[in-house]
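# Observations on the model geometry
Each chain, letter by letter, is given below.
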Amino acid sequence: MRKSCVIAEIGINHNGNIEEALSLIKASAEAGCFGIKFQYRNLRRAYSEKNSNEIGDTLLKSEIERCYLSPENIIKLSKVSKEKYNLKVGISFFTEEDLDDFEEINSHFDFYKVPSVEFTNNTLIKKLCSFNKLILLSLGCQDEETILSQIEWLDVNKVVLMHCISNYPLEIYNAKLGYIKHLQEIWGGRIGYSSHDKDWKMCIPAFTMGIDFIERHITNNKNDIGLDHSTSSTPSEFREICYYSEELPMALKGDTKRSLNSGELINK
């Protein structure tokens, strides 16, 4: 078993505040994370009047507006993450057009994320594939037929399939972590887990299944106003998550003939 890369999803938990974003970046680095990730939606395109017909669109639109960071500010934060904290930086996009808001986009990000709702957005996926960077593709809300159809053409060298159950929060009895094993059987590439679990400790059994990546939202205050804070983990919890990511591969060794360690020999 190898170490899983832990990604702290900052998302919109910065509340549109640069200083809060910097605080979360620093906390992610101190916890031992592999990387951090942002989300971006263009305010003119996201939930515009012509496509805001679904229940909850008004709430989502107000949250997107409240938590908006400009491409220029996201790029500044990306530079700080890389140069000061040696973190890998990723970003989620929901539409191909939003990529054009970033100049020299591929120089600022180490990986990209396609959210569950855009799982079949092939225009977006193909555009991201052209950048030759790693793409995390979330499977939330997708049935087996859709998943099998989609992975037929995806590049196993570029795409990480992220097991995800789109419940917020995700109760333990709905986690379906066994699906990770199924993905490993049907997909020849890397596998990850996008955790919305009510209890962060559900990351531990996910680690034991040999995932390559895990992502979870990070927040300084679970009681803060916003859509994602309540299903996020604090910096102290992220330190625990990173600890188990680092140490579990060693703990799970021993699937060979039994031998005694030095302590056992002394005690014997």
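Just so it is clear, the model here is predicted, and its values are computed rather than measured. (Residues numbered from 1 in each chain as written. Predicted model: local features only at pLDDT ≥ 70, side-chain atom pairs only at ≥ 80, totals over all residues. Heavy atoms only, no water.)

### Examining the sheet that holds strand β2 (residues 35-40)
Taking strand neighbours around the barrel as the criterion, the eight strands line up as β1-β2-β3-β4-β5-β6-β7-β8 in a closed arrangement whose pairing is parallel. Averaged over all adjacent pairs, the angle separating strand axes in this sheet is 25°, with direction ignored. Of the pairings in the sheet, the one linking strand β1 (residues 5-11) to β2 comprises four bridges and is parallel in character. Counted as the bridge partner of G11 is F38 from β2. Packed onto the sheet, helix α8 (residues 235-251) meets β1 and β8 (213-217) and runs at close to 155° relative to β1. (Pairing = 2+ DSSP bridges. Helix = DSSP H or I, 4+ residues; strand = E, 2+ residues; numbered from the N terminus. Axes fitted to C-alpha atoms, helices over the stretch in contact; angles between N-to-C directions. Contact = heavy atoms within 4.5 Å.)

### Focus: the packing of helix α1 (residues 18-31) against helix α3 (residues 71-83)
Two numbers describe how α1 lies on α3: the axes approach to 11 Å, and their chain directions differ by 25°. The angle between the axes of α1 and α3 places the two elements in the roughly parallel class. Helix-helix and strand crossings are classified by hand; for α1 and α3 the assignment is right-handed. On α3, the residues that touch I18, A21, L22 and I25 of α1 are N73, L77, V80 and S81. (Parallel < 35°, antiparallel > 145°, perpendicular 65-115°, else oblique. Left-handed = near helix turned anticlockwise from the far one by under 90°.)

### A look at the packing of helix α5 (residues 144-151) against helix α6 (residues 178-186)
Running from amino to carboxyl end, α5 crosses α6 at an angle of 35°, the nearest separation of the two axes being 12 Å. As α5 packs across α6, the resulting crossing turns out to be right-handed. Along its contact with α5, which presents E144, I147, L148 and I151, the element α6 presents Y179, H182 and I186. By residue class, the composition of the contact of α5 with α6 is five nonpolar, one polar and one charged. (Nonpolar A, V, L, I, M, F, W, Y, C, P; charged D, E, K, R; others polar.)

### What about the packing of aromatic side chains?
All chains considered together, the criterion is met by ten aromatic pairs. Between F34 and F213, the ring centres sit 5.8 Å apart and the planes meet at 70°, which makes this aromatic pair edge-to-face. With F34 in the loop between α1 and β2 and F213 in strand β8, this pair connects stretches of sequence that are 179 residues apart. Between the aromatic rings of F102 and F109, the centroid separation amounts to 5.7 Å while the plane-to-plane angle is 75°, which identifies the pairing as edge-to-face. For the residue pair F102 and F109, the accessibility class agrees, reading buried in each case. Through a chain of ring-to-ring contacts, three or more aromatic side chains come together here, namely Y40, Y68, F93, F102, F109, Y112 and F131. Between R41 and the ring centre of F94, over which it is positioned, the NZ or CZ distance is 3.8 Å. Over the ring of W153 we find K126; its NZ or CZ atom is 5.3 Å from the centre of that ring. (Phe/Tyr/Trp six-rings, centres within 6.5 Å; stacked < 30°, edge-to-face > 60°. Buried < 20%, exposed > 50% of the residue type's maximum accessible area, 1.4 Å probe, protein only. Lys NZ or Arg CZ within 6 Å of the ring centre and 35° of its normal.)

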